[in-house]
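# Structure assessment
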Amino acid sequence: MEAYLDLPRDKVASNPQSKKDLPAAIASLDVALGIEPESSTAWWARGKAQQLLGDHEGAYEAFHRSYRIDEGKSPDSGVQLLLECLETGRGGEAVHVAEVISRAEPDNAGMLANLALAYLINGQLAEASRTVNNAEAIDPEDEAIVSAKRRVDAVRSGQLPRPNRIADIVP
């Protein structure tokens, strides 16, 4: 599975070997989880394999388990859970997870932008605007932050509808 972690998702999806390797990795992780069901690392890896296969509900469940086991102490576990919350339209949970991470990393402009998108998906438009402005103040050149700000501003002005999940923002 490790060979796929650094590849863009579209490259993984178009690779026929990944359709064999990733389910095999999941099966192996299921064996490991049968032995040690409280392994945050194994749940995280299972979630990553499911994410790469495009199974966002399964990835959400696995990342959620990983996050609960390590009590939010692993930033990557939280980031992956946040991404799957945004992917599956769980705005309230996305806000909670992003707020926890942002409190731990207040100068992380990328996380602030993700928090702004979580607020946007959750219908908290004023918070989304405030947060994306804070992210832009930290890193005004970051294209993802500039794009997030444009989207938040367009939704607040009524030019675009409020998104329900990240796919409504980033096709």
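Report follows, based on the coordinates. Because the structure is a prediction, the values reported are computed rather than measured.

Now for the nonpolar core. By size, the foremost hydrophobic cluster in this structure holds 28 residues, and its most contacted members are Leu81, Leu82, Leu86 and Leu120. Contributions of two or more residues to this core are made by helix H5 (56-69), helix H6 (75-88), helix H7 (91-104), helix H8 (109-121), helix H9 (125-138) and helix H10 (143-156). Leu81 has contacts with Tyr60, Phe63, His64, Tyr67, Glu93 and Val97, leaving out every residue within four places of it along the chain. Among the nonpolar cores identified, the runner-up in size contains 6 residues, and Leu33, Trp43, Ala45 and Ala62 belong to it.

Oppositely charged side chains can pair when the atoms bearing their charge come close. One pass over the structure, following the stated rule, counts 3 salt bridges. Salt-bridge contacts for Glu57 lead to Arg90; the nearest nitrogen and oxygen are separated by 3.0 Å. Placement of the pair is Glu57 in helix H5 and Arg90 in the loop between H6 and H7, with a sequence separation of 33 residues. In this structure, Lys149 engages Asp153 in a salt bridge whose closest nitrogen and oxygen atoms are separated by 3.1 Å.

Criteria and cut-off values
- Residues numbered from 1 in each chain as written.
- Predicted model: local features only at pLDDT ≥ 70, side-chain atom pairs only at ≥ 80, totals over all residues.
- Heavy atoms only, no water.
- Core = buried A, V, L, I, M, F, W, Y, C linked by side-chain atoms within 4.5 Å.
- Buried < 20%, exposed > 50% of the residue type's maximum accessible area, 1.4 Å probe, protein only.
- Helix = DSSP H or I, 4+ residues; strand = E, 2+ residues; numbered from the N terminus.
- Contact = heavy atoms within 4.5 Å.
- Salt bridge = Lys/Arg side-chain N within 4 Å of Asp/Glu carboxyl O.

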